[in-house]
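Chain residues, written in single-letter form:
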Amino acid sequence: MFKLNLKIALRNLFKNKVYAAINIGGLALGLTAFVLLLLFVNHESNYDKWSPELKNVYQVREYHDFFTPDNKQYWQQINESRIAGVLKEKVPQFKYVTKASKGWGDGYSIKIDRNAPVIVKDIVDADSLFFKVFPYQFVNGDGLTALNAPHTIVLKQSIAIQLFGTDKVVGKQLKLVRWRSDEGNLMTVTGVVKDPSTSESLAFNAIIHTGEREKDPDQIGNSNYTGIYVKTEKKIDTNVLNRTLLNVYIDYKKALLKARGETFNDFYKAKSRKPGLKALPLSKVYSTPSFSENWLDKIKPIIALSIFLLIISVINFVNLATAQSVQRAKEVGVKKVLGAYKKQLVLQFLIESAIQTLTALFVTIILVELLLPSFSRHFDVQLSFWHSNHLLPIIAQLVGLFIFITFLAGFYPAIILAKYNPVKVLKGNYESGFSGMALRNGLVVLQFIIAVTFIIGIGVMYKQNNYMANKDLGFDRDKLINISTNYDTDDPFVESVKRIAGVKYVATTTQVMGNTFNTPREITYNNQKFDINTVTVTMDAFPALGVKLVSGRIFAKEYAQDTINTVVLNQSAANLLGKNVVGKTFNNGPGTSSFQIVGVIKDYNNESFEKAVLPTIYKVTHLGGSSNTNNLLVRFDNDHYQSAIKTIAAEWRKVYPDFPMMYTSVEDSFQKELKPSLRLMQIVVLFSIISVILSLLGLFALSTFMAKRRTKEIAIRKILGASNLELINMLNRSFLILVIIANLISWPIAFILTRKWLEGFAYRIDMPFWPFAIATITSIVIAVFTVSLQARKAAVNNPVDALKYE
């Protein structure tokens, strides 16, 4: 029986090639989007799954406000280094405690023999216990002793091959240069570890042991922040553990603050802070970032779009299948007369559905292979299908998806086709066989709701992205580059850059797009205390940035006091303190000298548009010179500055031969901030086009079904004198009602979704009307055009053919 049903199913598919191609193609498009998303989710959810021993590894997080983007407390991945010693002493559940500091800046420079220096990112400085906590597999060397001595380095296998051409490098030496003027240290390679099969939250190319992680600051008033990881004998209840950690932390902070001459209550309660220390399982570290959304929250819109697209594909499948029911009615009638049972007919049609779904899956895999490189670049990940480490789970997921789609898309059409009344359909009366019209209409309405919502979403996203791209940032980002280096007084490199033709300004600041860090400060103004952000700048920083002055003046070399006790505020700070602040003074705290406000500048965006500009005070750095910002701003006086950059690079090599110069244009940094929103809009545009195409196919299927169902009615109307145009209008009318209903439903849905998306931006547009109008007009035009094509075909048929006796 199965073999016979298979033959019949294949014969029907080949007989209706166009129908089969549309059905399979539509389903394949929806499945492709879903499978790509499935690959991405598998990749992101498999962080830190490369060893079973990692289930006993935890990251320690401290709740503090050191170097936070908005000067508020967060559960941070860097902790005060003294905490590691406290944990070793006070928490017996921890077998090993290790400290590891992630690489900073743009990476370290590695120089091997006389080769040119190479920048290597993600070099982690750890103590000697690192490989007792993290169970990396050593290809060469001994994990128990690899980091025992200072000035040693353990390389990942991939980076060892990249640097040396082989992984047999134990005993070899390389020169590690941490910053431009660092003389460098010779590091001995003591081990090579295998690259893990899955991604790591503590990603590294090399682990170095400098000895600095073994010690804490000598002065009680100083702090050193580092990552802390612990390993236990067995998996433990983190809720119970974290209560213990909090008590240990509070006791430690009380003792530390007392030694510093402060009280616990003054430090925390007076400033509305909270003490906090907790252990987080390593498997949750990547999905719980300190400052940003986790990966799942970031792709929720993409997940929703993919599911909607899959739903549209399934709806389309159902509508096309039921649209073919007229042609299959007599087949069902004959089979029932010959004794076929309903369950046999259902099985036959499910087999047809399975064949189409399986074919669509094969097409999907081909499309996935073709689109995967672009998709990987789009999301900055390395995804693979056939070479994935989780191929078997992915195949299992696809098998489950195949079964789910087969039943979801095939069960309803199979039931409808199998319950035809054989007596009536063999007489040529199909009317009773075509129940469920309301459901089919509802499916078309649902398709258009999704399609119209997508179109509205495109319009709102385009408007917001256009607003951000053209928004006045408060500074001039053209002809401005940022070199990753510090600005030091009388630096020979800085002095040589100032003399290069085409260079207008050279300056630094701790607040520039692409590399910003904020320092909170409590000030007293008019006998009131304010928490405010402070930024250090050099004299030429404001002219280099091209900021706009609101009132007063900016820093200038002719005012000697500007290097001592004057400040400039941005508008947010001026509004916080009150109007007319120019000329007024404030204090940093009790016993400190006062600072005079000499000017107010317009707020300028230095971070993404999700964040509002902080109220900020700008001070000139010590004597207008030194500032450890890792920002060196260079403003050019014309658009043709590439030759000047080459000259700057040549000057850099003369002064710092062991450390390559790295720079970025501020325009590129700005575009990078826009990238997440643009990426989402591109996905929405692509999915919208696919959803509109699938909706058209669904509408085409239903209009075909309706035209065939009303064949005799159309014939009678023609005989009674109805024109072709009147018949086309008649058929269009019912579909226009469906499309208008879909628009009325989609408007509030689209409004809520787009408004929620806009709320994620500190600077956003008002909700526009035109995307809603365009979506409605587009959907109506598409519906009328599609239905009219099918309606005309039905209207021009000879009525005699429809009314003749069979």
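Bear in mind that the values here come from a model prediction, so they are computed numbers and not experimental data.

Caption draft 1: Focus on the overall build of the protein. Secondary structure assignment for the protein yields 23 helices and 27 strands. Each of the 806 residues in the protein was classed as buried or not, and the buried ones make up 51%. When contacts within the protein are restricted to residue pairs at least 6 apart in sequence, those whose partners lie at least 24 apart make up 80%.

Caption draft 2: Highlighting helix H2 (residues 17-44). Its 28 residues place the ends of H2 40 Å apart at the C-alpha level, agreeing with the 40 Å of an ideal helix rising 1.5 Å per residue. Within H2, 21 of the 28 residues are buried, which leaves the element mostly enclosed by the surrounding structure.

Caption draft 3: Focus on the sheet that holds strand S16 (residues 503-507). Taken together, four strands build an open sheet; the order of strands is S16-S26-S15-S27 and the sheet is antiparallel. Each having just a single partner strand, S16 and strand S27 (663-665) make up the two edges of the open sheet. Here the average twist between neighbouring strands, direction ignored, is 20°. As paired strands, strand S15 (residues 480-483) and strand S26 (residues 632-636) are joined by four bridges and run antiparallel to one another. By the bridge assignment for S26, asparagine 482 is matched with leucine 633. Of the strands in this sheet, S15, S16, S26 and S27 are in contact with helix H18 (residues 642-655), which crosses S26 at around 145°.

Caption draft 4: Structural view of the side chain of arginine 635. Take arginine 635: it is sitting in strand S26. Note on arginine 635: relative accessible area 5%, which makes it buried. Side-chain polar atoms of arginine 635 contact the backbone oxygen of aspartate 478, separated by 2.3 Å. With near-sequence residues (within four places) excluded, arginine 635 lies in contact with Asp476, Asp478, Lys479, Leu480, Gly502, Val503, Lys504, Tyr505, Ala544, Leu545 and Gly546.

Caption draft 5: The pattern of salt bridges, seen in detail. For the structure on display, the rule yields 16 salt bridges. When the shortest N-O distance is used, the salt bridge between glutamate 80 and arginine 82 registers 3.0 Å. No difference in accessibility class separates glutamate 80 from arginine 82, as the two residues are buried. Residues glutamate 667 and arginine 477 are paired through a salt bridge, measuring 2.5 Å at the closest nitrogen-oxygen approach. One end of the pair, glutamate 667, is in helix H19 (residues 666-709); the other, arginine 477, is in the loop between helix H14 (437-470) and S15, and 190 residues separate them in sequence.

Caption draft 6: Representation of the pairing of strand S9 (residues 152-156). Burial analysis of S9 places five of its five residues in the buried class, which makes it a mostly covered element. Burial along S9 is two-sided: the residues Thr152, Val154 and Lys156 and Ile153 and Leu155 are all buried. In this sheet, strand S11 (residues 185-193) lies alongside S9 in parallel orientation, the contact comprising five bridges. Bridging across to S11, isoleucine 153 finds its partner in valine 189.

Caption draft 7: Representation of the environment of glutamate 262 in the model. With respect to the helices, strands and loops of the structure, glutamate 262 is situated in the loop between helix H6 (238-259) and helix H7 (264-268). With a relative accessible area of 37%, glutamate 262 lands in the partly exposed category. With near-sequence residues (within four places) excluded, glutamate 262 lies in contact with Leu257 and Phe267.

Caption draft 8: Spatial organisation of helix H5 (residues 157-164). Buried within H5 are the following residues: Ile159, Ala160 and Leu163. Buried residues of H5 fall within an arc of 105° about the axis and therefore sit on the same side. Where the residues of H5 are buried, they touch strand S5 (108-111), strand S6 (118-120), S9 and S11. Following H5 by one or two positions, glycine 165 adopts a phi angle in the positive range, close to 85°.

Caption draft 9: Examining the environment of glutamine 93 more closely. Along the chain, glutamine 93 falls in the loop between helix H3 (82-90) and strand S4 (94-101). By relative accessible area, glutamine 93 is classed as partly exposed at 36%. Sequence spacing of glutamine 93 and leucine 241 is 148 residues, and the spatial spacing of their C-alpha atoms is 8.7 Å. For glutamine 93, the contacting residues outside a window of four places in its chain are Lys231, Thr232, Glu233, Ile236 and Leu241.

Caption draft 10: Unusual backbone geometry, seen in detail. Even without being a glycine, histidine 151 presents a positive backbone phi close to 60°. Position of histidine 151 among the secondary structure elements: in the loop between strand S8 (138-141) and S9. Positive phi values are uncommon outside glycine, yet asparagine 526 reaches one of about 55°. With respect to the helices and strands, asparagine 526 occurs in the loop between strand S19 (519-525) and strand S20 (528-537).

Caption draft 11: Representation of the pairing of strand S14 (residues 277-281). Most of S14 sits out of view: four of its five residues are buried. For strand S1 (residues 57-64) and S14, the ladder comprises five bridges, and the chain directions are antiparallel. Of the residues in S14, the one forming a bridge with valine 60 is alanine 279.

Caption draft 12: Representation of the nonpolar core. Judged by nonpolar contacts, the single largest core of 84 residues is most densely connected at Leu31, Leu545, Phe555 and Tyr618. If one sorts the elements of this core by residue count, H19 sits on top with twelve residues. Not counting residues up to four positions away in its chain, the partners in contact with tyrosine 618 are Gln511, Val535, Val537, Phe542, Phe555, Thr566, Val567, Val568, Leu569, Asn570, Ile601 and Tyr604.

Caption draft 13: Structural detail: the packing of H2 against helix H11 (residues 342-379). Where H2 meets H11, the axes come as close as 7 Å, and the angle between the chain directions of the two elements is 45°. When the axis of H2 is compared with that of H11, the two are oblique. The two elements H2 and H11 meet at a crossing, and its hand is right-handed. Of the residues in the contact of H2 with H11, the class split is 18 nonpolar, six polar and no charged.

Caption draft 14: How the structure looks around the packing of aromatic side chains. Enumeration according to the criterion identifies 28 aromatic pairs in this entry. With centroids separated by 5.3 Å and ring planes inclined at 80°, the aromatic side chains of phenylalanine 542 and tyrosine 618 adopt a geometry described as edge-to-face. With a gap of 76 residues between them, phenylalanine 542 in helix H16 (residues 541-545) and tyrosine 618 in strand S25 (residues 616-620) connect regions that are remote in the sequence. With a relative accessible area of 0%, tyrosine 618 lands in the buried category. Taken together, the aromatic side chains of Trp50, Phe130, Phe131, Phe134, Tyr136, Phe138, Phe204 and Tyr229 make up a single cluster linked through ring pairs. Above the plane of the ring of phenylalanine 264 lies lysine 254, whose end atom (NZ or CZ) is 5.5 Å from the centre. Directly above the ring of tyrosine 559 sits arginine 553, whose terminal nitrogen or CZ lies 3.6 Å from the centroid.

The rules behind each value
- Residues numbered from 1 in each chain as written.
- Predicted model: local features only at pLDDT ≥ 70, side-chain atom pairs only at ≥ 80, totals over all residues.
- Heavy atoms only, no water.
- Helix = DSSP H or I, 4+ residues; strand = E, 2+ residues; numbered from the N terminus.
- Buried < 20%, exposed > 50% of the residue type's maximum accessible area, 1.4 Å probe, protein only.
- Contact = heavy atoms within 4.5 Å.
- Expected span 1.5 Å × (residues − 1).
- Pairing = 2+ DSSP bridges.
- Axes fitted to C-alpha atoms, helices over the stretch in contact; angles between N-to-C directions.
- Polar contact = N/O pair within 3.5 Å; in protein donor to acceptor, adjacent residues only side chain to side chain.
- Salt bridge = Lys/Arg side-chain N within 4 Å of Asp/Glu carboxyl O.
- Arc of directions from axis to C-beta.
- Core = buried A, V, L, I, M, F, W, Y, C linked by side-chain atoms within 4.5 Å.
- Parallel < 35°, antiparallel > 145°, perpendicular 65-115°, else oblique.
- Left-handed = near helix turned anticlockwise from the far one by under 90°.
- Nonpolar A, V, L, I, M, F, W, Y, C, P; charged D, E, K, R; others polar.
- Phe/Tyr/Trp six-rings, centres within 6.5 Å; stacked < 30°, edge-to-face > 60°.
- Lys NZ or Arg CZ within 6 Å of the ring centre and 35° of its normal.

In short, shape yes, function no, at least from these values alone.
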